[in-house]
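# Breakdown of the fold
Chain by chain, the residues:
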Amino acid sequence: MNHRLRRLIRERANFRCEYCHLPEEVAELRFQADHIVAEKHGGVSLAENLCWACFRCNSHKGPNLAGLDVKTGQMARLFNPRTDTWKEHFIWSGPKLIGRTPVGRVTINVLSINRMETVLVRRSLLAEGVRF
């Protein structure tokens, strides 16, 4: 991926993970350009199919496109930062991210966004004034 495209993705995301909203400046590990639709599923390396993701969200997402909604038991697609509105699918409850919709709940579960150690880190960051 060329430097210009990488810069576009980072700036468009306001230097935050487009899934969990972790600010890049406080992350321990480097952020990555994520293929929203993985190349193995026909996704291409164009700005329309790329988002900025923290290492943890991107690692857990992998090539997944969907998952089972814990509330309904039905299959639902993952959040797409290029076509979905974040606030429609997610809301913060302190350091914990809550899914408002099947898309939100599935994304939180597949990406393990509320795993205990991450919630504890977010709690500390919130206490320091970092906003998600």
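One structure accompanies this document, and this report is about it.

Thresholds, definitions, all that
- Residues numbered from 1 in each chain as written.
- Predicted model: local features only at pLDDT ≥ 70, side-chain atom pairs only at ≥ 80, totals over all residues.
- Heavy atoms only, no water.
- Helix = DSSP H or I, 4+ residues; strand = E, 2+ residues; numbered from the N terminus.
- Contact = heavy atoms within 4.5 Å.
- Areas by Shrake-Rupley, 256 points an atom, 1.4 Å probe, with all protein chains shown as cover.
- Lys, Arg positive; Asp, Glu negative; His and termini not counted.
- Charge placed at Lys NZ, Arg CZ, Asp CG, Glu CD.
- Salt bridge = Lys/Arg side-chain N within 4 Å of Asp/Glu carboxyl O.
- Buried < 20%, exposed > 50% of the residue type's maximum accessible area, 1.4 Å probe, protein only.
- Expected span 1.5 Å × (residues − 1).
- Arc of directions from axis to C-beta.

### Some details on the overall build of the protein chain
Broken down by element type, the protein chain carries 5 helices and 6 strands. In the protein chain, the succession of helices and strands from N to C terminus is α-β-β-α-β-β-α-β-β-α-α. With respect to the principal axes defined by its C-alpha atoms, the protein chain has extents near 35 × 35 × 20 Å. Within the protein chain, contacts between residues separated by at least 24 positions form 56% of all contacts whose residues are at least 6 apart in sequence. Looking at the protein chain as shown, the accessible area adds up to about 7500 Å², and 53% of this sits on carbon and sulfur atoms. Computing the positive centroid from 21 side-chain charges and the negative centroid from 13, the protein chain places the two 2 Å apart.

### Quick word on unusual backbone geometry
Positioned with a positive phi, F15 is a non-glycine residue whose angle comes to about 60°. In this fold, F15 is placed in the loop between helix 1 (3–12) and strand 1 (32–35). Of note in this structure, S112 is not a glycine but carries a positive phi near 50°. Within the secondary structure, S112 sits in the loop between helix 4 (102–110) and helix 5 (116–127).

### Examining the pattern of salt bridges
Scanning all chains against the criterion turns up 6 salt bridges. The salt bridge partner of E24 is R10, with a shortest N-O separation of 3.0 Å. Taken together, the residues E24 in the loop between helix 1 and strand 1 and R10 in helix 1 connect sequence positions 14 residues apart. Given the relative accessible area of 29%, R10 is considered partly exposed. A salt bridge links R77 to D84; the shortest N-O distance between them is 2.7 Å. Using a relative accessible area of 14% as the deciding quantity, one classes D84 as buried.

### With respect to helix 5
Taking 1.5 Å as the rise per residue, helix 5 with 12 residues should run 16 Å; its terminal C-alpha atoms sit 17 Å apart, in good agreement. Along helix 5, the positions that sit buried rather than exposed are T118, V119, R122 and L125. Mapping the buried residues of helix 5 onto a view down its axis gives an arc of 120°, with all of them on the same face. Residues of helix 5 that are exposed and point more than 90 degrees away from the buried face comprise M116 and A127. On the buried face of helix 5, the contacting elements are helix 2 (55–61), strand 5 (90–93) and strand 6 (96–99). Downstream of helix 5 by a residue or two, G129 has a phi angle that is positive, lying close to 100°.

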